[in-house]
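Letter by letter, the chains look like this.
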Amino acid sequence: MKLPSPLRFLCCLLVVALLGACAKTETAVALGNRTQVLHQNIGGEPPDLDPQLMQTNAHFNVLMALYEGLTGYDPRDLHPVPGVAQRWEISADGLAYTFHLRADAQWSNGDAVTARDFEFSVRRMLSPKFATPYKHYFDIVRGAEDYSAGQLADFAAVGVRAVDDRTLRIELRQPAPYLLFLLGSFAWMPVHRATVEAHGAYDAIATGWSRPGHIVTNGPFALADWRNGEEIVVKKNPRYWGARTVRLQEIHFHLIENADTEERAFRTGQLHLTEFVPATKLAIYAETAPDQLSVAPFFSTYLYEFNLARPPFNEPRVRRAFSLAIDRVQLAASQPQQHLLAATGLVPPGTDDYHYTGDNALRFDPAEARRLLAAAGFPEGKGFPATDLPFDTSARHQHFAEILQQMWERNLGVRVNLANIEGRVYHAERVQRKYTLSRGGWVGDYLDPHAFLSVHLTGGGQNVAGYANPEFDALVRRALDQRDRAARHEIYRRAEDILMRDLPIIPLFHYTAQHLVAPSVRGRYPNLLDYHPYQGMWLESK
């Protein structure tokens, strides 16, 4: 029987609709593979894209796409390579560096990148009014500490000077074998002076200059969009001096904080790269998809921080009791697929053969912990004040916090209250020291013990515990004067022993970098700092 025309048409539409429903929709990953658009999750949202205000290692991914320092990093082993500086000379005494900038280095608006941009950026970073926790990155520069403290009024006396538009000279107060590496970090990245000053004082923060429509950058990518709570989108910068070798066309930095949600997005083809892997999924991926699981040593230490200005942790015996009550081996073993290494000190292994050994090496001794707590006035935990333990939203952080909560209650008779706080709020309150005991961590910015120990120098921007010990300060600074590596490491061991005696922090373990990586991602290599320059990455479409 022949159907009426209208009915035939409706039947055809139904068939087409059914066929379309059955057809497989192209995922973001599959489309990205064809178009060179990378989808990467970075977890929590950065508070700003000002490189001198960076908060987490994950946020550095965005900054590496947007900015470039004098040096860059080799993607395999991270040795320093030319960035904006095409070449450089170092004086025989290691105190003076002269950098020669590329003639074709440009900002994303077409302005030339000059040595004066770097001089301005350092002056901004060191301004006493500029509220950044990273001023210690410049302590090795002649005059930097005094200028930052307001004790030196003339920036011309600071050892960073633009000789001309394409020549920058940096003079140090003592040798720093890690300087070339440090110059690729976020703190030394340049900012565009005209843009910064168009939005307010050069040393004010959060003026809006780094938002879409305003920001001007000099890296391989430029900011295209920022949807709060969703994603940050960067597109290839055609004015970048090395643009012809950059194969990725866009990077979408997704802002998914929940690790389970992130894993689901990866599994359904919405992400090429994750920031984390849920602990419950590590074994599954290791067994069923090992080619998609990346677990590598990471130059980092997971720790808790005390606020030394607040009782009861202003009492050294209380801090030591809390540390001795922790079974770090058991804590690390609670996540076997993560290959965590129980800490005996602050500085992680893999640091140019440095390894801390000392009388105050971290250990588990619950009996001594109870004795110290009683001596401090809290026998069996009686009378111990209510204490909150804040941590940023993460199943992993909650997992470790719950184990420590149990250990302290079992071994000391003290119960701490866990507080799960949204990432941006947590980071802000940590810097402002609105805590008594808090989750913390540190990732070295260069492969040297100094990257960890210098954080705890008196008055340091990241010394949120408020630790101050002149003997420790003197040793850490004196180590830089020692040109012999073995002798230098021995000085660092003495400094670390003092730190582990005073315990302004509780190092727990050294952790690994764990990511899910789509097989199509190329040019990305595991390394100790988990830095992955985007200039050499691409997507392979099958």
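Numbers given to residues run from 1 along each chain, matching the order in which its sequence is written. With pLDDT at 70 or above as the cut-off, local features in this predicted model cover only qualifying residues; side-chain atom pairs require 80 or more to be listed or tallied, and sums for whole chains, interfaces and linings still use all residues. To obtain the side-chain values, all non-hydrogen atoms of the structure were used and water was disregarded.

Asks: Looking at this structure, I do not really get the overall build of the protein chain. What am I missing?
Replies: If you tally the helices and strands in the protein chain, you get 17 helices and 20 strands. For a compact globule of 542 residues, the expected C-alpha radius of gyration is about 24 Å, and the protein chain comes in at 26 Å, within 12% of that figure. Projected onto its principal axes, the C-alpha coordinates of the protein chain cover approximately 100 × 65 × 40 Å. Burial classification: accessible surface area is computed with a 1.4 Å probe over protein chains only, and a residue below 20% of its type maximum counts as buried, one above 50% as exposed, and the rest as partly exposed. Looking at the protein chain as a whole, 56% of its 542 residues qualify as buried. Pairs at least 24 apart in sequence give 70% of the contacts found in the protein chain among residues at least 6 apart. All accessible-area figures derive from a Shrake-Rupley calculation using a 1.4 Å probe, and residue coverage is judged against the displayed protein chains alone. Accessible surface computed for the protein chain: about 22200 Å², of which carbon and sulfur atoms make up 53%. Where the 56 positive side-chain charges of the protein chain centre and where its 60 negative ones centre are 3 Å apart. What counts as a helix is a DSSP run of H or I of at least four residues, what counts as a strand is a run of E of at least two, and both are numbered from the N terminus. This radius of gyration counts C-alpha atoms alone. The globule rule is 2.2 Å times how many residues there are, raised to the power 0.38. Should any heavy atoms of two residues lie within 4.5 Å, those residues are considered in contact. Charge assignment: positive for Lys and Arg, negative for Asp and Glu; neither His nor the chain ends contribute. Note that the charge is assigned to NZ on lysines, CZ on arginines, CG on aspartates and CD on glutamates.

Asks: What should I look at first to understand the sheet that holds strand β5 (residues 96-101) in this one?
Replies: Strand pairing in a sheet relies on backbone hydrogen bonds. The paired strands run either parallel or antiparallel. Strands are labelled as partners when DSSP assigns at least two bridges between them. An order of β4-β5-β7-β6 is seen for the 4 strands of this open sheet, with the pairing classed as antiparallel. The open sheet is flanked by β4 (85-90) and β6 (160-164), the only strands paired with a single partner. Along the sheet, successive strands turn relative to each other by an average axial angle of 20°, direction set aside. Relative to strand β7 (residues 167-171), β6 runs antiparallel, the two being bridged by 4 bridges. Residue pairing for β7: V160 is matched across the bridge by I170. Across the face of the sheet, helix α4 (residues 115-126) comes into contact with β5, β6 and β7 while running at roughly 160° to β6. As a rule, the C-alpha atoms of each element are fitted with a line to give its axis, helices using only the stretch in contact, and angles between N-to-C directions run from 0 to 180 degrees.

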